[in-house]
Amino acid sequence: MDGFETIPRRKPLLEYPFGQTVPGHAEIIEIVPGLNWVRMPLPFALQHINVWLIDDGDSWTIVDTGIPLPETKDAWRRLLNGRVTAQKPLRRVIVTHMHPDHIGSAGWLCHKYGADLEMSRLEYITCRMLVGDTGRPAPLAGIGFYQRAGWSETAIETYKSRFGGFGRGVSPMPDSFRRLSEGDTVRLAGEDWTIIIGSGHSPEHVCLFCPALNIFISGDQLLPRISSNVSVHPTEAGANPLQDWMQSCETLLARLPEDVLVLPAHNEPFRGAHQRLTHLIEGHKTALHRLSQKLSNEPLRAIDTFVTLFGRKISDEELGMATGEAIAHLNYLISNSSVEATLAPDGVTRYRTAIRA
């Protein structure tokens, strides 16, 4: 899920080795021998996700899968027909994280082709938990969370009507998986790839780095032209995912070569990882500074901070993500004691600069 750029408008100049060339429906572009770029359609403003079909010699691996739309399944059938055989099966499906555009078709692929699922533990468990909400009424904790953020009754009713929708974008999950952890090594396309774990956008996001090829499969942890959503959710209202996100960006700065080829989940493969990571870090610092200054003038509800953070009004469709990301910035400031939150008599939380003794 893409987020809202909270960063200065002047963006770094990145290199796109493939230019504007992208795979068509059920087509591939070879990145290096054995590593193939595939795109799957998405029914959002963001219209595609990049997924990766990998030839391991005696078998195939898929990294990320797309939402289980009819056209997505059709594309996978066409791509795998003649490639996946009894002699050369689809052996595993690796998922970077649990958002439906990444994990949505994983269960379908695993069940249809007899493949194993590989992902981090927290992503697997979180996905199973969210799928379990399908069919349930919206919980009081969620309603209260958005009421405290300043949502209108109309917005709350929309939240209630849409609650549990996550599971409708995820095919039935395998009942077991192989855990991927920080520092693990997996063999893909004849080379060793190291697992690097990121956090902030999702709980335990898997990225894969191959030093021999100087290639980094980044999922949503590093994107060239959009920023990943970093949100607080009702299940953990006091979380500080922005701190996790910024620490993850610092880790990638230290771990990745400047000239690494980044294979992102959205937009095109690019070089310039250090520039982009620095830009993301500085952008959030700038947003935090703007927000802190704004809160020194008057107490604000979470929904009052949108223009300060994002530079524009937020549509009704964006309200959930924008609220989560605004509270992520507010919780970050609360964690370092520069902002305090007070629940007002109207049941809505107001935030203001902390008064120091």
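This is a predicted model, so every value here is computed, not measured.

J.: Outline the overall build of the protein chain, listing residues and values.
T.: Along the protein chain, the regular secondary structure elements total 10 helices and 14 strands. Each principal axis of the C-alpha atoms in the protein chain carries an extent, and together these give about 70 × 45 × 35 Å. A buried classification covers 55% of the 357 residues belonging to the protein chain. For the protein chain, the proportion of contacts with a sequence separation of at least 24, taken over those separated by at least 6, is 66%. In the structure as shown, the protein chain presents an accessible area of about 15600 Å², 50% of it carried by carbon and sulfur atoms. Positive and negative side-chain charges in the protein chain, numbering 35 and 40 respectively, have mean positions lying 3 Å apart.

J.: Tell me about the packing of helix H5 (residues 140-149) against helix H6 (residues 153-162), and please be specific about residues and values.
T.: Relative orientation of the contacting elements H5 and H6 amounts to 150 degrees, with a least axis distance of 10 Å. Between H5 and H6, the angle falls in the class roughly antiparallel. The crossing of H5 and H6 is right-handed. Residues Gly142, Ile143, Tyr146 and Gln147 of H5 touch H6, and the partners they reach there are Glu153, Ile156, Tyr159 and Lys160. Its residues assigned to classes, the contact of H5 with H6 shows four nonpolar, two polar and two charged.

J.: How would you explain the environment of Thr323 if you had to name every residue and give the values?
T.: Among the secondary structure elements, Thr323 is positioned in helix H10 (residues 319-335). Assessed through its relative accessible area of 0%, Thr323 is described here as buried. Remark: the alpha-carbon pair of Thr323 and Gly167, spanning 156 residues in sequence, is separated by 22 Å. For Thr323, the side chain forms a polar contact with the main-chain oxygen of Leu319, separated by 2.8 Å.

J.: Give me the packing of helix H7 (residues 241-255) against H10: which residues, what numbers.
T.: Helix-helix packing: each pair is described by the crossing angle between the helix axes and the interaxial distance. It is the contact of H7 with H10, at a shortest axis distance of 7 Å, that shows an interaxial angle of 90 degrees. Taken together, the axis directions place H7 and H10 in an arrangement best described as roughly perpendicular. Judged by residue contacts, Pro241, Leu242, Gln243 and Met246 of H7 engage Ala328, His329, Tyr332 and Ser335 from H10. The class makeup of the residues in the contact of H7 with H10 is five nonpolar, three polar and no charged.

J.: Would you mind going over helix H8 (residues 273-295) in detail, with residue names and values included?
T.: The terminal C-alpha atoms of H8 lie 33 Å apart, and with 23 residues this matches the ideal 33 Å at 1.5 Å per residue to within 8%. Among the residues of H8, those classed as buried are Ala273, Arg276, Leu277, His279, Leu280, Ile281, Gly283, His284, Ala287, Leu288, Leu291 and Leu295.

J.: Now, about the sheet that holds strand E9 (residues 191-198): what can you tell me, with residues and values included?
T.: As summarised here, the arrangement of the five strands in space is E8-E9-E10-E11-E12, forming an open sheet in which the pairing is mixed. For this open sheet the edge positions go to strand E8 (185-188) and strand E12 (261-264), each flanked by a neighbour on one side alone. Put simply, the sheet's adjacent strands are angled 30 degrees from each other on average, direction ignored.

J.: Tell me about the packing of aromatic side chains, residues and numbers included.
T.: Counted according to the given criterion, the structure contains 10 aromatic pairs. A ring pair is formed by Phe18 and Trp37, whose centres lie 5.9 Å apart and whose planes are at 70 degrees; its orientation type is edge-to-face. Remark: Trp37 occurs in strand E2 (residues 35-41) and Phe18 occurs in the segment before strand E1 (29-32); sequence separation between them is 19 residues. Accessibility expressed as a relative area gives 0% for Trp37, which makes it buried. Between the aromatic rings of Phe306 and Phe310, the centroid separation amounts to 6.0 Å while the plane-to-plane angle is 35 degrees, which identifies the pairing as tilted. In this pair, Phe306 and Phe310 both sit in helix H9 (residues 306-310), four residues apart, roughly one turn of the helix. Owing to a relative accessible area of 7%, Phe306 belongs among the buried residues under this scheme. Classification of Phe310 as buried rests on a relative accessible area of 9%. Within the aromatic cluster, the residues linked to one another by ring pairs are Phe145, Tyr146, Trp151, Tyr159 and Phe163.

Reading guide: rules and limits
- Residues numbered from 1 in each chain as written.
- Predicted model: local features only at pLDDT ≥ 70, side-chain atom pairs only at ≥ 80, totals over all residues.
- Heavy atoms only, no water.
- Helix = DSSP H or I, 4+ residues; strand = E, 2+ residues; numbered from the N terminus.
- Buried < 20%, exposed > 50% of the residue type's maximum accessible area, 1.4 Å probe, protein only.
- Contact = heavy atoms within 4.5 Å.
- Areas by Shrake-Rupley, 256 points an atom, 1.4 Å probe, with all protein chains shown as cover.
- Lys, Arg positive; Asp, Glu negative; His and termini not counted.
- Charge placed at Lys NZ, Arg CZ, Asp CG, Glu CD.
- Axes fitted to C-alpha atoms, helices over the stretch in contact; angles between N-to-C directions.
- Parallel < 35°, antiparallel > 145°, perpendicular 65-115°, else oblique.
- Left-handed = near helix turned anticlockwise from the far one by under 90°.
- Nonpolar A, V, L, I, M, F, W, Y, C, P; charged D, E, K, R; others polar.
- Polar contact = N/O pair within 3.5 Å; in protein donor to acceptor, adjacent residues only side chain to side chain.
- Expected span 1.5 Å × (residues − 1).
- Pairing = 2+ DSSP bridges.
- Phe/Tyr/Trp six-rings, centres within 6.5 Å; stacked < 30°, edge-to-face > 60°.

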